[in-house]
Amino acid sequence: MALSYDDVIAKYEPVLGLEVHVELNTESKMFCSCSTTFGGEPNTQTCPVCLALPGALPVVNAQAIESTIKIGLALNCQIAPRSRFARKNYFYPDMPKNFQISQYDEPICFDGYVDVEIDTEEGPKQFRIEIERVHMEEDTGKSLHVGGATGRIHGAEYSLLDYNRAGIPLVEIVTKIVPGTGKYAPEVAKAYVAELRDILRGLKVSDVKMEQGSLRCDANVSLRLIGSAVLGTRSETKNVNSLRSVERAIRGEMIRHAELLNEGKKVKQETRHFQEDTGLTRSGRSKEQAEDYRYFPEPDLVPVAPAPAWIEELRAQQPERPSLRRKRLKEQWAVPDKEMAAMINADALDIVEETVLLGADPTKARTWWLGEISRIANEKEIALTDLTISPKDVAEIVALVAAGELTDKLARQVVEGVIAGEGTPSEVVAKRGIKVVNDDGALMAAIEKVCAEQSETADKVRNGLIPAAGALIGAVMKETKGQADAARVRELLLGHLGQPSN
Amino acid sequence: MSSLSRDEVAKLAALARIEMSEAELVSLSSQFGSILDAVARVQELNLDGVKATSHPQPLENIFREDVVLPSLTPDQALSGAPAQEDQRFRVPQILGEAE
Amino acid sequence: MIKNTAAQMSSALEKGETTSVELTKIHLDRIADVDQKVKAFLHVDGESALKQAAAVDADRASGKKLGPLAGIPLALKDVLAQEGVPTTAGSKILQGWKPPYDSTVVAKLKAAGVVILGKTNMDEFAMGSSTENSGYGPTFNPWDLTRTPGGSSGGSAAAVSAFEAPLAIGSDTGGSIRQPAALTGIVGVRPTYGAVSRYGLIAYSSSLDQAGPFGRTVLDTAMLHAVIAGHDPKDATSINAPVPAVVAAAKSGDVKGLKIGVIKQLQGDGYQTGVQARFSESLDILASLGAQIVQVDCPSFEYALAAYYLIAPSECSSNLARFDAMRYGLRTGEVDGASAETVMNATREAGFGREVKRRIILGTYALSSGYYDAYYGSAQKIRTLIIEDYKKAFTQADVLVSPTSPITAFKIGEKSEDPIAMYLADVATIPVNLAGICGMSLPAGLADEDNLPVGFQIMAPAMQDQRLYQVGAALEAALVSKWGGHLISKAPALGGAR
Ligand SMILES: [Zn+2]
């Protein structure tokens, strides 16, 4: 029976485990000198090493090591004085060597943590996510399935392989099990991935684009009866590729597990795939038996032993932590708690800051992004950052309003136009013929007309009842089709009715 | 006397992606006893506290600079391909999913 | 001319007494004459060899400064990638594959003007001690065509001892250069691990593999060693240090005051009488030349063979995973509806030979969960003990010595049904590989009982390869003067097939 989320958390406690894969933004691949540029023609970024031609040997990219240590430091990890690469042996056609060079029992970084904060009804709550390890590995090639239905793997007649992505440096960040998040599990997971993303972006070590796959999350979920010490069987949901999906996938898995458990059935330990359209997961092909990866030290690569002085140098270069940055921006911009939380929750901090850096007033920038623009994003069910409007556009709109060339109402039309793909704000203004009525003569004509029509109200104002002016101003705005500057209308109207305008 | 049954050999062959004939499985299984006895001699010594050697030379920190060098041309990359299509390696249908 | 040493050919070229084209032609003729009997080569490319030779001759004519081996022909073990030339590692699974790149060894040979005649036969993926495991049929020992030349570099050794080439490149994972050198009466060196780049050397066991030179004399071998050694940034295990002065050492050949350690564990039971006799004779000669002979104890060598037959198969089970019918090489079993996995399984079944499969299965087993510590893990610890034994022994002696192979060349087919007996052929050579140090085999004479060559092995610490040549040259000089010529001159004439 379909359970509600509340039913689930009334009875069970979720335990999470999150594995995040990050593609580093090095120029060249992890073990060879092929370019990492995204979107090249097939098999143009390959060489004997990344095609695993007989005889070819890997050599480690120094920048990848440095980036990984930076990540480890940012996640409060220990940096191993000595670590080794290992071969993870399994056959798969998009993996040319039929082993992946990875790290096994000697990862380069281990034992760290990340603190995340989520907004709850009882106010902001902090959770500490402990990091088990951060290690280096390499990505696989891409396969294209031809024939059968819709390019899917099932029913395909054959496959075409492109090894341009084979050997792209990957860093895998693995948490320890995360208990104690209770009903907040989905939000905590999302906040964790968002925090990681912000940290990685701050370090400039990855493009962290979830939609392009440069940051991907595998979510392990299990449930146990509240109060029980025994862990339940977990499922692993692969390649969840947006923040929103992280939350949805975990919520969905919690409900699915609870339904199985309530019916007395067992949760299968398996890999599942998240489906964006339904928000549900489907079972991957379950393997008959657990794969035996036969890890052993990679004999072609020698140990990595970073000098303590180098680690300290990298530690000293660490950028501002996202949590501290948030604190700083909150103060600089004088944002109330609730609005700050809303901004973080909407993942709007970066775009607002960018907008502010382009000259916009912080409050105005925030109001635009979290107000009108968020409303449109919600309507379209997409992320704020996926809309076609950029911080530059918003800064331009704020500037146009400040210059009196747009009213707030007109500016909303411009926002709409930019999102509809009509061009930059000034292009939209030009195309749509949007213009503030600045002509006092025209405004006076409208004011006189309105005062004549609503003479009773006009008399109230004349007699000093200033608040009554609102209705008249509204009518004038209507008369001028919203193109007038409300402040100027108020000024002229009050003058016209013999009242002071401030 | 060590031994490895026909079924155990079959399991290893599957792991190593080799489709062995029944005769091969049986013959390998019959040879494995003496081979395993020979290699099991490594367990005769007390090795507690002995470090494992994975690399014969004590080298560390061998890296390359993060510099892009020319790749193979797609023609070169695909020159040994048993089959190709659209500048990609053409392979039979892939069952199962990647890691 | 064909029986000259490479050093003699080099000086004849320098003096203008011959040309590289002429040298190349006579070797190609010799190959045409005798290789039907010896089967040293898998692929001979006379046309491009002559082209290369002509280019060197032109360079020489134009007064360009050339290296000592410029214009000298060479046979290349088929385990090294050479751009555009079929490279199979002796396996059917790579039949017809032409690499789009040169191995570093080949690049260095080309840069030095060495003329590559062709690719030589080998045990499939270098797994074997007789060259019988080649996917393309065995190579025959020029001393006795009913016998094996040893292996896995049997093709290279046979080519040099049959005068099909003055020089050859082999690779040595457990003795694959030294043992065939011993069995064919020539000189072979396995350099220090990391001294010669492995880039482009088709991997059998990555932590043990090392390419090295064959020659008919110590000096020839040193000259080739000097050409192929040196640091390579494409191989992360390559040692960044100057190449030891091997040629100078081969020219000096002085052992006065040197301490030579005889390893207790590498003699006695299992060593053929004639092998033991030639070995002690050589020791006497070295003593008479002023060396001090000492006995050293390396107790863990007892376990070297066992450790080797876990480490090498484990690494090979992973190294050979790439031969999967997807990107290059053989593809079979592609019937209607067959999956990639089915085709992979069928291709690996059809493309790999018996010994290769045996080692892949053994390695898969040794690495599998539940067995790793007992097998692979223990083997790596034995490896540490062997390294420690060597360290201690090298405090007592400058070089260590033993017979190269406990037996002389054996009959084709004699051991091919008994893997354990075959593995024992490498008992004296394997410790060098496990420790990553260097070793040489040079001819010590013929065994009385079968009139077949016996090899004398010299071992030196890592990056002290020059010591091999220093001792080897001294012993060689004394033996040559005793015999009145190089041992190889006693090899039976193969006669012309034409
Ligand atoms: Zn590459």
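Residues numbered from 1 in each chain as written. Chains lettered and ligands numbered in written order. Predicted model: local features only at pLDDT ≥ 70, side-chain atom pairs only at ≥ 80, totals over all residues. Heavy atoms only, no water.

Here the focus is the pairing of strand E4 (residues 167-171) of chain C. Residue and element names in this part refer to chain C. Counting buried residues along E4, five of its five residues qualify, which places the element largely inside the surrounding structure. Residues Leu167, Ile169 and Ser171 of E4 are buried on one face, and the alternating residues Ala168 and Gly170, pointing to the opposite face, are buried as well. Inspection of the sheet shows strand E2 (residues 73-77) paired to E4 by three bridges, in the parallel sense. Within E4, the residue paired with Leu74 across the bridge is Leu167. (Buried < 20%, exposed > 50% of the residue type's maximum accessible area, 1.4 Å probe, protein only. Helix = DSSP H or I, 4+ residues; strand = E, 2+ residues; numbered from the N terminus. Pairing = 2+ DSSP bridges.)

The geometry of an aromatic ring pair is captured by the separation of the ring centres together with the interplanar angle, meaning the angle of the planes. In this structure the tally under the stated criterion is 21 aromatic pairs over all chains. Here Phe31(A) and Phe85(A) contribute two aromatic rings whose centre-to-centre distance is 5.7 Å and whose plane-to-plane angle is 80 degrees, an arrangement assigned as edge-to-face. With Phe31(A) in the loop between strand E1 (12-23) and strand E2 (60-61) and Phe85(A) in the loop between strand E3 (78-79) and strand E4 (86-89), this pair connects stretches of sequence that are 54 residues apart. One exposure class covers both Phe31(A) and Phe85(A), and it is buried. Measuring from centroid to centroid gives 6.5 Å for Tyr371(C) and Tyr375(C), while their planes differ by 40 degrees, and the two rings are tilted. Here the aromatic cluster, defined as three or more aromatic residues joined through ring pairs, consists of Trp97(C), Phe125(C), Phe323(C), Tyr328(C) and Phe352(C). Seen from the ring of Phe410(C), Lys415(C) lies directly overhead, with NZ or CZ sitting 5.3 Å from the centre. (Phe/Tyr/Trp six-rings, centres within 6.5 Å; stacked < 30°, edge-to-face > 60°. Lys NZ or Arg CZ within 6 Å of the ring centre and 35° of its normal.)

With that settled, the discussion passes to the sheet that holds strand E5 (residues 99-102) of chain A. All names here are of chain A. Taken in spatial order, the three strands make up an open sheet running E5-E4-E15, and their pairing is antiparallel. The open sheet is flanked by E5 and strand E15 (296-297), the only strands paired with a single partner. Of the pairings in the sheet, the one linking E4 to E15 comprises two bridges and is antiparallel in character. Bridging across to E15, Arg87 finds its partner in Phe296.

Now for the sheet that holds E1(A). All names here are of chain A. What the nine strands build is an open sheet, ordered E3-E6-E7-E10-E1-E11-E12-E13-E14; its pairing is mixed. Looking along the sheet, the strands with just one partner apiece sit at the ends: E3 and strand E14 (281-283). The strands touched by helix H2 (residues 62-74) are E3, strand E6 (109-120), strand E7 (123-138) and strand E10 (169-175); relative to E7, the strand with the most contacts, the crossing angle is about 155 degrees. With respect to the sheet, helix H4 (residues 243-262) is in contact with E1, strand E11 (215-225), strand E12 (235-240), strand E13 (271-274) and E14, its orientation differing from that of E11 by roughly 30 degrees. (Contact = heavy atoms within 4.5 Å. Axes fitted to C-alpha atoms, helices over the stretch in contact; angles between N-to-C directions.)

Another point: unusual backbone geometry. Here Gly151(C) and Ser152(C) are connected by a cis peptide whose omega angle stands at 10 degrees. Its location among the elements puts Ser152(C) in the loop between strand E3 (115-120) and helix H5 (154-161). Despite not being glycine, Asn43(A) shows a phi value in the positive range, around 55 degrees. Along the chain, Asn43(A) turns up in the loop between E1 and E2. Although it is not a glycine, Asp111(A) sits at a positive phi angle of roughly 55 degrees. Counting through the fold element by element, Asp111(A) comes out in strand E6. For Asp111(A), a relative accessible area of 40% corresponds to the partly exposed category.

This part takes up the domain arrangement of chain A. Each domain of chain A was delimited in the assignment, giving domain 1 (16-220 + 232-238), domain 2 (321-432) and domain 3 (440-496). Of note, the centres of domain 1 of chain A and domain 3 of chain A, computed from C-alpha atoms alone, are 62 Å apart. (Domains from an automatic or database assignment.)

Attention shifts here to the interface of chain C and chain B. Accessible area lost upon the coming together of the parts serves often as the stated size of an interface. Between chain C and chain B, the residue contacts involve 60 residues of the former and 50 residues of the latter. Summing both partners gives a buried area of about 4700 Å² for chain C against chain B, and 67% of it is carried by carbon and sulfur. Counting the surface chain C buries against chain B, the share from its top three residues, Tyr303(C), Ile361(C) and Lys381(C), is 13%. In this structure, the connection of chain C to chain B is made through two salt bridges. Of the charged contacts in the structure, one is a salt bridge between Lys357(C) and Glu24(B), with a shortest N-O distance of 2.7 Å. Taken together, chain C and chain B are joined by 16 residue pairs in polar contact (both at pLDDT 80 or more). Put simply, the parts of the chain that give the side of chain C that touches chain B at least two residues each are helix H10 (304-319), helix H11 (340-351), helix H12 (354-367), helix H13 (373-396), helix H14 (419-423) and helix H15 (430-435) of chain C. The element that contributes the greatest number of residues to the side of chain C that touches chain B is H13(C), accounting for eleven residues. (Buried area = accessible area lost by both parts, 1.4 Å probe. Salt bridge = Lys/Arg side-chain N within 4 Å of Asp/Glu carboxyl O. Polar contact = N/O pair within 3.5 Å; in protein donor to acceptor, adjacent residues only side chain to side chain.)

Bringing the pattern of salt bridges into the picture now. Residue and element names in this part refer to chain A. The tally for this structure, following the rule as stated, stands at 64 salt bridges over all chains. A salt bridge links Glu13 to Arg224; its shortest N-O distance comes to 3.1 Å. With a gap of 211 residues between them, Glu13 in strand E1 and Arg224 in strand E11 connect regions that are remote in the sequence. Classification of Glu13 by relative accessible area gives buried; the value is 16%. By relative accessible area, Arg224 is classed as buried at 15%.

Bringing the nonpolar core into the picture now. One finds Tyr192(A), Leu109(C) and Phe125(C) to be the most contacted residues of the largest nonpolar core, which totals 211 residues. By residue number, the principal contributor to this core is helix H3 (residues 185-203) of chain A, which donates eleven residues. Residues contacting Leu109(C), with those up to four places away along its chain left out, are Leu74(C), Leu76(C), Val114(C), Ile116(C), Ile169(C), Leu224(C), Val227(C) and Ile228(C). (Core = buried A, V, L, I, M, F, W, Y, C linked by side-chain atoms within 4.5 Å.)

All names here are of chain A. Within the protein, the atoms that donate to the zinc ion are Cys32 (SG), Cys34 (SG), Cys47 (SG) and Cys50 (SG), at distances of 2.3 to 2.4 Å. Taken together, the four donor atoms coordinating the zinc ion span angles of 101 to 116 degrees at the metal, a pattern that classifies the geometry as tetrahedral. Summarised as a motif, the one-chain spacing of the donors to the zinc ion is C-x1-C-x12-C-x2-C. Of this pair, Cys32 sits in the loop between E1 and E2 while Cys50 sits in the loop between E1 and E2, and the two are 18 residues apart along the sequence. (Donors = N, O, S within 2.8 Å, 3.2 Å for Na, K, Ca; no water. Tetrahedral: all angles 85-135°; square planar, octahedral: opposite > 155°, others 65-115°.)

All right, on to helix H14 (residues 455-462) of chain A then. Residue and element names in this part refer to chain A. Among the residues of H14, those classed as buried are Thr457, Ala458 and Val461. Angular distribution of buried residues about the axis of H14 spans 100 degrees; they occupy a single face of the element. On its buried face, H14 is in contact with helix H13 (440-453), helix H15 (469-479) and helix H16 (486-496). One or two positions beyond H14, positive phi appears at Gly464, with a value near 100 degrees. (Arc of directions from axis to C-beta.)

Residues of helix H1 (residues 6-15) of chain B that are buried: Val9(B), Leu12(B), Ala13(B) and Leu15(B). All buried residues of H1(B) fall inside an arc of 160 degrees around its axis, so they share one side. Facing away from the buried side of H1(B), by more than 90 degrees, are the exposed residues Asp7(B) and Lys11(B). Contacts from the buried residues of H1(B) go to helix H2 (22-39) of chain B together with H12 of chain C. Directly after H1(B), the chain includes Arg17(B), whose backbone phi takes a positive value near 55 degrees.

With that settled, consider the environment of Arg88(B). Tracing the backbone through its elements, the reader meets Arg88(B) in strand E3 (residues 88-92). As for Arg88(B) and Leu78(B), which are separated by ten residues in sequence, their C-alpha atoms are 7.5 Å apart. Excluding residues within four positions of it along the chain, Arg88(B) makes contact with Pro42(A), Asn43(A), Leu144(A), Leu160(A), Leu161(A), Asp162(A), Leu78(B) and Ala83(B).

This brings us to the pairing of strand E11 (residues 453-460) of chain C. Residue and element names in this part refer to chain C. Burial analysis of E11 places eight of its eight residues in the buried class, the great majority of the element. Residues Pro453, Gly455, Gln457 and Met459 of E11 are buried on one face, and the alternating residues Val454, Phe456, Ile458 and Ala460, pointing to the opposite face, are buried as well. Relative to E11, strand E9 (residues 399-403) runs antiparallel, the two sharing four bridges. In the sheet register, Leu400 faces E11, and the bridge partner there is Met459. Relative to E11, strand E10 (residues 438-446) is paired through eight bridges, and the arrangement is antiparallel. Looking at the pairing, Leu446 lines up with Pro453 of E11.

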